[in-house]
Amino acid sequence: MSYAADLKIGVVNAGAVLDKSPQKAAALARLEKEFASRSQSLESKHKALRAAQEKLNKDGAILSADQRRDRERDILSDQRELQRLQDEYSEDLSIRRNEELRKLEKDIAETIIDLAKKESFDMILYQGVIFASDKVDLTDKVLQMLKAKN
């Protein structure tokens, strides 16, 4: 006796759902908004550092050795501070991006489960599928449900 013929199986393309879901675009917009002021601050510090370096290069010939050394020391200190701030920014952004991704993956999983229950699927494969015919591909349905949630 074959039970496989009685099973209702579907497949969802994980990459396509992640890339095309409106929730991803919303999450990216939230991150951009959240980190915009820090990004602008880093950019202005970078410009100021460049300007200080150019001023030192231009004025270097007329400065005393002590003045030149003091300015070089200040620039080096500012470079280190900027590097530290950039590293913190990158780390914080990465942590928040991962948090948003986990929320999105949870929402996608819940949406797939809702679809499975609503349409009486016995099994839905989400990740690690090497081939699926259009007959069992539920990716577009999942995307439509996610768009409806948004």
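Worth saying up front: this structure is predicted, and the values here are computed from it rather than measured.

A. Representation of the pattern of salt bridges. Under the definition given, this model contains 17 salt bridges. Notably, a salt bridge pairs Glu100 with Lys103, separated by 3.6 Å at the nearest N-O pair. Here Glu100 pairs with Lys103, and both are found in helix 3 (residues 65–118), just three residues apart, close to one helical turn. Classification of Glu100 as buried rests on a relative accessible area of 4%. Through salt bridges with shared partners, a single ionic network connects Arg30, Glu34, Arg96, Glu99, Glu100 and Lys103.

B. Local environment of the packing of helix 3 against helix 4 (residues 139–149). Where helix 3 contacts helix 4, the axes come no closer than 10 Å and their chain directions differ by 115°. Classified by the angle between their axes, helix 3 and helix 4 sit roughly perpendicular to one another. For the element pair helix 3 and helix 4, the recorded crossing hand is right-handed. On helix 4, the residues touching Asp107, Ile108, Thr111, Ile112, Asp114 and Leu115 of helix 3 are Lys141, Val142, Met145, Leu146 and Lys149.

C. Up close: the environment of Asp59. Mapped onto the elements, Asp59 comes out in helix 2 (residues 22–59). Spatially, the C-alpha atoms of Asp59 and Ile9 are 74 Å apart, while their sequence positions differ by 50 residues.

D. Representation of the packing of aromatic side chains. The full count for this structure, using the stated rule, is one aromatic pair. Taking 5.7 Å as the distance between ring centres and 85° as the angle between the ring planes, the aromatic pair formed by Phe35 and Tyr89 counts as edge-to-face. Taken together, the residues Phe35 in helix 2 and Tyr89 in helix 3 connect sequence positions 54 residues apart. Like Tyr89, Phe35 is buried.

E. Layout of helix 3. Between the first and last C-alpha of helix 3 there are 78 Å, a value that for 54 residues agrees with the 80 Å anticipated at 1.5 Å per step. With its phi angle positive at about 55°, Ser120 sits one or two positions after the end of helix 3.

Cut-offs applied
- Residues numbered from 1 in each chain as written.
- Predicted model: local features only at pLDDT ≥ 70, side-chain atom pairs only at ≥ 80, totals over all residues.
- Heavy atoms only, no water.
- Salt bridge = Lys/Arg side-chain N within 4 Å of Asp/Glu carboxyl O.
- Helix = DSSP H or I, 4+ residues; strand = E, 2+ residues; numbered from the N terminus.
- Buried < 20%, exposed > 50% of the residue type's maximum accessible area, 1.4 Å probe, protein only.
- Axes fitted to C-alpha atoms, helices over the stretch in contact; angles between N-to-C directions.
- Parallel < 35°, antiparallel > 145°, perpendicular 65-115°, else oblique.
- Left-handed = near helix turned anticlockwise from the far one by under 90°.
- Contact = heavy atoms within 4.5 Å.
- Phe/Tyr/Trp six-rings, centres within 6.5 Å; stacked < 30°, edge-to-face > 60°.
- Expected span 1.5 Å × (residues − 1).

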